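Descriptive analysis of the structure
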Amino acid sequence: MVLPSPLCGPPAGSVARRSVLMGTAAWCLSATACSGGTKTVSPTATPTAGSPAASMGSGTTSSAPGSPTPSPAASPPTELPAAVAWHPGPGEIEPAAKLAAVRLVEALGTWPAGQAGDGAAAERAARLGVPEDSATQLAREAGSLLPSADAAVVRVIDAQYGGILSDSASVLVVCDQPSLTGSTVKRGGTTVDVRLSRSSDAWRVTTLHPAAPGPARPLTAAAREVLAQSRIELPPASVADIRSGAVHESVLRAMLQLAGTYRLSVSVVRSGHPLDVFGTDRPSDHPLGRAFDVWRINGRVVVDPATSRTLITAFMRAAAAAGSYNVGGPVQLTGGTTANQFFSDDTHHDHVHVGFSS
C-alpha cells in the first residue's frame, strides 16, 4: 500500500503508469513539432557562453615547436545560442502533457529581434494552434518568461511534474534563458508552473505561473557554500531563491551533506512550484522554502528506467538521514522514523522530493 505524503500530494486519482503516444499535445500541435521534425527558429546559432566552442576564440596564436599554445582571452558573447527543442525521454508518464507544456514555454520565451512583448508572444502561441483569447491570456501570464530584451532563447533544463491526475496536471518547466539587448548577452532563466487539463485525450495549457523569487539579500554562510559547491547544480530560479534568503537553513545543510556523496541536479527549490500540494488545499513545503527536488543524481536522470534503483534508493535514504521528514521518489521505501517518511506516486516518478518540517 502506498502511503500518501502529508505535504506532497496523494496518489489517489493519479494516472496509471502507461505509455502514451507523444503525438498528442495541447491544441493538436503539428506532427513535426511534436516529433522534432522542425527545430525552433533561433535568433542566432552561436555556442553557449562557457561551452568549449564559445571559449576557444576565433583565431590561433603561433608558437615555437614543442611549446604550449597560449589560449586567447575569452570574449563576452555578443550573440545568443541556438534554441534546442526539449523532448521527453524514456520512462515518462503522460509525455504528451510535458510536451504540450514545454512547447508553449519554448514558443513564448524564444524570439528574434523585433518580436518582443506580449503581443508578439501571443502570436507565437497562436502559431501552435492556441485559440486567440487563450494565447493573449497566456502571454499576459508569462511574467518572468518575457524579460525586457531585444531577443531571447529558452533552453529547457528539465520538465517535471508538480502534480499529475487523470484529467489535470502541473508541469514545472525549468529553463535557462539568455537574452540579448543591443550587443550584450545577459544570462537568465526561470521556472514556469504550467497548468494543463485533458479532454478527449489531448492536453491543453490553461494557465501559467512563472517563478518570482524576490530580491537578493545578504547570504548566510550555508547559502554561500551551496552556491559555490560544484557538486550541486542549480537552475537560475533556484539560485535566485537562495539569494533571496527565503530558503531554510535545513534545506541548505541537507544539500551540502548530500553533495559530500552525490552530484545532485536540483530542479526546484521554492519558486515556480504550486503553492498547494497539487489537487489538494494543503500548503506545499516548497513555497515555504522548506523543500527541494532533484531530477538527476550523479549524472543519471531519475525518470530514466536505466537509472539504477539502488542509486535512487540510497539517495532517498541519505536524504532522510540528512534530516528530511518527507522523502518522495519513484521507489516506495519501507522503514523510516515515521510511517510517512517515504512515499511514492506518479507525481514523483520523475524526481526525488526532499522536504523539511522547519
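Look above for the structure.
Let me sum up the structure you'll find in this document. Note that the coordinates shown come from a computational prediction; the quantities given were computed from them, not determined experimentally.

The next point concerns the overall build of the protein chain. Along the backbone of the protein chain there are nine helices and 14 strands. The burial tally for the protein chain puts 46% of its 358 residues in the buried class. Sequence separation of at least 24 residues holds for 67% of the intrachain contacts in the protein chain that already meet a minimum separation of 6.

One can describe the packing of helix α6 (residues 221–228) onto helix α7 (residues 236–243) by two numbers: an axis separation of 10 Å at closest approach and a directional angle of 160°. Classed by the angle they form, the pair α6 and α7 counts as roughly antiparallel. For the crossing formed where α6 meets α7, the hand is left-handed. Counted together, Ala223, Val226 and Leu227 of α6 and Val239, Ile242 and Arg243 of α7 form the full contact between these two elements. In the contact of α6 with α7, the residues fall into five nonpolar, no polar and one charged.

The subject of this paragraph is the nonpolar core. Core analysis: the largest hydrophobic core is formed by 38 residues, its most contacted members being Leu104, Val173, Val194 and Leu196. When residues of this core are traced back to their parent elements, those giving at least two are α3 (95–109), α4 (118–126), α5 (132–141), β2 (155–164), β3 (168–176), β6 (191–199) and β7 (202–210). Ranked by residue count, the leading element in this core is α3, at nine residues. Among residues more than four places away in sequence, those in contact with Val194 are Ala101, Val105, Ala169, Ser170, Val171, Val173, Val205, Thr207 and Leu208. Val226, Ile312, Phe315 and Val331 belong to the second-largest nonpolar core, a separate cluster that totals 36 residues.

On to the side chain of Asp345. One can find Asp345 in the loop between β13 (342–343) and β14 (352–355). In this structure Asp345 comes out as buried when scored by relative accessible area, which is 6%.

Moving on, we get to the sheet that holds strand β1 (residues 151–152). Within the open sheet, the three strands sit side by side as β1-β4-β5. Their pairing is antiparallel. A single partner strand is all that each edge strand has here, and the edge strands are β1 and β5 (184–186). Sheet topology places strand β4 (residues 179–181) next to β5; three bridges connect them, and they run antiparallel. The partner of Thr181 across the bridge, within β5, is Thr184.

Now for the sheet that holds β7. Strand pairs in the sheet, formed through backbone hydrogen bonds, run parallel or antiparallel to each other. Pairing within the open sheet is antiparallel, and its four strands lie in the order β2-β3-β6-β7. Both edges of this open sheet fall to β2 and β7, since each of them pairs with a single strand only. Averaged over all pairs of adjacent strands, the angle between their axes in this sheet comes to 25°, without regard to strand direction. With eight bridges connecting them, β2 and β3 associate as antiparallel partners. The residue of β3 that forms the bridge with Gln160 is Leu172.

Before going further, it helps to examine the side chain of Ser179. Tracing the sequence through the fold places Ser179 in strand β4. The residues touching Ser179, leaving out its near neighbours within four places in the chain, are Leu80, Ala149, Ala151, Ala152, Thr184, Val185 and Lys186.

Looking now at the packing of α3 against α4. If you want to describe how two helices pack, look at the angle between their axes and the distance between the axes. Relative orientation of the contacting elements α3 and α4 amounts to 145°, with a least axis distance of 8 Å. Regarding α3 and α4, the two cross each other, and that crossing is right-handed. Contacts between α3 and α4 pair Leu104, Ala107 and Leu108 from the former with Ala121, Arg124 and Ala125 from the latter. A per-class count over the contact of α3 with α4 returns five nonpolar, no polar and one charged.

The full count for this structure, using the stated rule, is one aromatic pair. Ring centres of Tyr262 and Phe315 lie 5.2 Å apart, and the angle between their planes is 80°; this geometry places the pair in the edge-to-face category. Within this pair, whereas Tyr262 is found in the loop between α8 (249–259) and β9 (264–268), its partner Phe315 is found in helix α9 (residues 309–321), the two being separated by 53 residues in sequence. Here Tyr262 falls in the buried class, since its relative accessible area comes to 9%. One Lys or Arg, Lys98, reaches over the ring of Tyr161 and ends 4.8 Å from the middle of that ring.

Definitions and cut-offs
- Residues numbered from 1 in each chain as written.
- Predicted model: local features only at pLDDT ≥ 70, side-chain atom pairs only at ≥ 80, totals over all residues.
- Heavy atoms only, no water.
- Helix = DSSP H or I, 4+ residues; strand = E, 2+ residues; numbered from the N terminus.
- Buried < 20%, exposed > 50% of the residue type's maximum accessible area, 1.4 Å probe, protein only.
- Contact = heavy atoms within 4.5 Å.
- Axes fitted to C-alpha atoms, helices over the stretch in contact; angles between N-to-C directions.
- Parallel < 35°, antiparallel > 145°, perpendicular 65-115°, else oblique.
- Left-handed = near helix turned anticlockwise from the far one by under 90°.
- Nonpolar A, V, L, I, M, F, W, Y, C, P; charged D, E, K, R; others polar.
- Core = buried A, V, L, I, M, F, W, Y, C linked by side-chain atoms within 4.5 Å.
- Pairing = 2+ DSSP bridges.
- Phe/Tyr/Trp six-rings, centres within 6.5 Å; stacked < 30°, edge-to-face > 60°.
- Lys NZ or Arg CZ within 6 Å of the ring centre and 35° of its normal.

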